[in-house]
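Overview (structure and organization)
Residues per chain, in single letters:
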Amino acid sequence: AMTSADLSRANLRRAPGYLNKPADDVLGTVPGGAILDVLGGPQAADNLSWWQVRYRDQVGWMAQTRASGESLLEPAP
């Protein structure tokens, strides 16, 4: 998979979901156009589909879309 090319950044989280989470739930950010390895998912949380991904040496969870509907993840070319 890859992050949408028109994104500036997307959060990589410790666990699926984004509502009522502590600040340390965000492991880091992933830039737009980055290639990711999909390891698991989808898992539903906070009305979004979440995928477990690896970006460089970090493994975490990323939503397929933002709550607004903006695409975060898409198939890699």
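Note that the structure is a prediction, hence the values are computed from the model and not measured. (Residues numbered from 1 in each chain as written. Predicted model: local features only at pLDDT ≥ 70, side-chain atom pairs only at ≥ 80, totals over all residues. Heavy atoms only, no water.)

Here we come to the side chain of Ser-4. Assignment of secondary structure puts Ser-4 in the loop between strand 1 (2–3) and strand 2 (9–13). Among the residues examined, Ser-4 registers a relative accessible area of 1% and is labelled buried. Setting aside anything within four residues of it in sequence, one finds Ser-4 in contact with Gly-32, Gly-33, Ser-71, Leu-72, Leu-73 and Glu-74. (Helix = DSSP H or I, 4+ residues; strand = E, 2+ residues; numbered from the N terminus. Buried < 20%, exposed > 50% of the residue type's maximum accessible area, 1.4 Å probe, protein only. Contact = heavy atoms within 4.5 Å.)

One pass over the structure, following the stated rule, counts four salt bridges. Taking the shortest distance from any N to any O, the salt bridge between Lys-21 and Asp-25 comes out at 3.1 Å. With a closest N to O distance of 3.5 Å, Asp-37 and Arg-54 form a salt bridge. You can see Asp-37 sitting in strand 4 (residues 37–45) and its partner Arg-54 sitting in strand 5 (residues 48–55), a full 17 residues away along the chain. Classification of Asp-37 by relative accessible area gives partly exposed; the value is 40%. The exposure class of Arg-54 is partly exposed, given its relative accessible area of 34%. (Salt bridge = Lys/Arg side-chain N within 4 Å of Asp/Glu carboxyl O.)

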